[in-house]
Amino acid sequence: MSRTGFRRTFAALSVCSLALTVSACGSGDDESASGKTRITVNCMPPKSAKVDRAFFEEDVAAFEKANPDIDVVPHDAFPCQDPKTFDAKLAGGQMEDVFYTYFTDARHVVDIGQAADLTPYVKELKSYDTLQQQLRDIYTVDGKVYGIPRTGYSMGLIYNKALFEKAGLDPDRPPATWDEVRAAAKKIAALGDGTVGYADYSAQNQGGWHFTAELYSRGGDVVGADGKKATVDTPEGHAVLQTLHDMRWKDDSMGSKQLLVINDVQQMMGSGKLGMYLAAPDNIPILVKEKGGAYEDLALAPMPGGQGTLIGGDGYMFNKKASPEQIRAGLKWLDHMFLTPGEGFLGDYARAKAEDAPVGLPEPRLFTGAADAEDQQVKKANANVPVENYQSFLDGNQKLEMKIEPPSAQQIYSVLDGVVSAVLTKEDADIDQLLDDASGKIDSILARS
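Bear in mind the structure is a predicted one, so any value in this text is a computation, not a measurement.

A. Molecular detail of the sheet that holds strand β7 (residues 156-160). Ordered by their spatial adjacency, 4 strands build an open sheet running β8-β9-β7-β10, and the pairing between neighbours is mixed. Each edge of the open sheet is held by one strand with a lone partner, namely β8 (196-198) and β10 (298-302). The mean inter-strand angle of the sheet, taken between neighbouring strand axes irrespective of direction, is 25°. Both β7 and strand β9 (residues 274-279) contribute to a ladder of 4 bridges, which runs antiparallel. From the neighbouring strand, Leu157 faces β9, where its bridge partner is Leu278.

Written out as structure tokens, the structure reads:
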């Protein structure tokens, strides 16, 4: 699944419309009338996101001033990548020279032959060696580099410190195991007045997404290493569903309303009626800005279970028709816009703070080594949120295996949605049968992919 926010508080933005012609959107002519190298790029914030739009335009102008031989033509629309049009744009040659992708798209774009090979040029990207290896690997296929990561996120446990205190729990010692989550949820639900201890998604593919995250947290996997067979009908898969079943039906700590999606759960947390749910750090400003929550009440812990966490994010790939000059220009643009610690569209924390955007959230954590230290130092200096509320998440994540979403993720999530919703809406749901049926359906999906 995609993240809920695009850069701090806005939803993911911008692709070039299918109505645009090939010359307007895709590669071909790499020089403008002035003789400059011309690149088209997407994921520009729309006019409705006034602050982000202004920042983006400011950064593009600064880049062009520093590189007078490059002409950047940004395209905006909503969202950055629309799954309904993405493949059609690729197949029709309408993709920008430098185009936005989710991590889960990288292999597909390469497999259908629509990505430029960046391997001969990537040494020219100043930041490349500072990026996290596991994120670089997502865009590396058969030893060749086809894309550059821009942001990364990992799942954790968001919890309400005020409710923890009210329930007699230590807000500075969040649950580290699923048994502890269950115990804490039961105490929080016992507060009454409509308070729910733990909530989970179970509709619109989001239940399958969270099942995957919970399975990873226990050391399991959705698909085997060869990508051909489902691995959900395992002790780890059974444990995920049994815990959800027991919290829902034995403990009554998940509330009676089910088939929830992300907006439902965020509303519950923002209103102070929910103790815990799984999410990435970018949920926190949404809970405050849109749902009525308070930064001081919201804390973030690593995934319970101690084994792994689901990671996601986005990056940029290059049109297969991009010229060497366009690739070099595009890499320079990425360095300037997104990949310089403490600077640019994502990293200018002083500018963000001046506009009252949240600074100090624990992710995205893109860099390593000295670059990471520099980025974190600038972020800390401009922090305007209670960073101590996220220290547990930062410390715990260092011990977890970071795992990307499975292949054919949305189709698989649709199957697993039914499994999770059955467990949460039917007390007598047969977990063995549900996982056996799901395995067969996932195997069929993988055989077709």
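B. Summary view of the packing of helix α8 (residues 206-217) against helix α17 (residues 409-425). Direction vectors running N to C along α8 and α17 enclose 85°, while the axes themselves pass 6 Å from each other. As far as their axial angle goes, α17 and α8 are roughly perpendicular. Taken together, the residues of α17 that come into contact with α8 (itself represented by Gln206, Gly207, Gly208, Trp209, Phe211 and Thr212) are Tyr413, Leu416, Asp417 and Val420.

C. Region of the structure containing the pairing of β10. Among the 5 residues in β10, 5 count as buried, and that is most of the element. By the alternation rule, side chains of β10 split into Leu298, Leu300 and Pro302 and Ala299 and Ala301, which are all buried. Where β7 and β10 come together, 5 bridges link them in antiparallel fashion. In the strand pairing of β10, Ile158 is matched with Leu300.

D. Representation of the pattern of salt bridges. Under the criterion given, the structure shown has 19 salt bridges. The closest approach of N and O atoms between Asp221 and Lys403, which form a salt bridge, is 3.2 Å. With Asp221 in the loop between α8 and α9 (235-250) and Lys403 in strand β12 (residues 401-404), this residue pair connects regions lying 182 residues apart in the sequence. Of the residues examined, Asp221 reaches a relative accessible area of 28% and is grouped as partly exposed.

E. How the structure looks around the packing of aromatic side chains. On inspection of all chains with the given rule, the structure shows 12 aromatic pairs. Their ring planes at 80° and their centres at 5.6 Å tell us that Tyr100 and Tyr102 sit as a pair that is edge-to-face. Taking 5.7 Å as the distance between ring centres and 15° as the angle between the ring planes, the aromatic pair formed by Tyr316 and Phe338 counts as stacked. Within this pair, whereas Tyr316 is found in strand β11 (residues 308-318), its partner Phe338 is found in the loop between α12 (324-337) and α13 (344-347), the two being separated by 22 residues in sequence.

F. The arrangement of helix α18 (residues 431-448) in detail. Relative to the 26 Å expected for 18 residues at 1.5 Å per residue, α18 spans 26 Å between its end C-alpha atoms, a close match to the ideal helical length. Of all the residues in α18, the buried ones are Ile431, Leu434, Leu435, Ala438, Ser439, Ile442, Asp443, Ile445 and Leu446. Summarising the axial view, the buried residues of α18 lie within an arc of 165°, below the 170-degree limit, and thus occupy one face. The outward face of α18, more than 90 degrees from its buried face, is lined by the exposed residues Lys441, Ala447 and Arg448. In this fold, the buried residues of α18 make contact with α8, α9 and α17.

G. Examining the environment of Ser253 more closely. Tracing the chain through its elements places Ser253 in the loop between α9 and α10 (262-270). Residue classification places Ser253 among the buried residues on the basis of a relative accessible area of 0%. For Ser253 and Val196, which are 57 residues apart along the polypeptide, the C-alpha to C-alpha distance reads 5.8 Å. Not counting residues up to four positions away in its chain, the partners in contact with Ser253 are Ala185, Lys186, Ala189, Val196, Gly197, Tyr198 and Met247.

Thresholds, definitions, all that
Residues numbered from 1 in each chain as written. Predicted model: local features only at pLDDT ≥ 70, side-chain atom pairs only at ≥ 80, totals over all residues. Heavy atoms only, no water. Pairing = 2+ DSSP bridges. Helix = DSSP H or I, 4+ residues; strand = E, 2+ residues; numbered from the N terminus. Axes fitted to C-alpha atoms, helices over the stretch in contact; angles between N-to-C directions. Parallel < 35°, antiparallel > 145°, perpendicular 65-115°, else oblique. Contact = heavy atoms within 4.5 Å. Buried < 20%, exposed > 50% of the residue type's maximum accessible area, 1.4 Å probe, protein only. Salt bridge = Lys/Arg side-chain N within 4 Å of Asp/Glu carboxyl O. Phe/Tyr/Trp six-rings, centres within 6.5 Å; stacked < 30°, edge-to-face > 60°. Expected span 1.5 Å × (residues − 1). Arc of directions from axis to C-beta.

It is worth stressing that arrangement in space is one thing and function is another; only the former is reported here.
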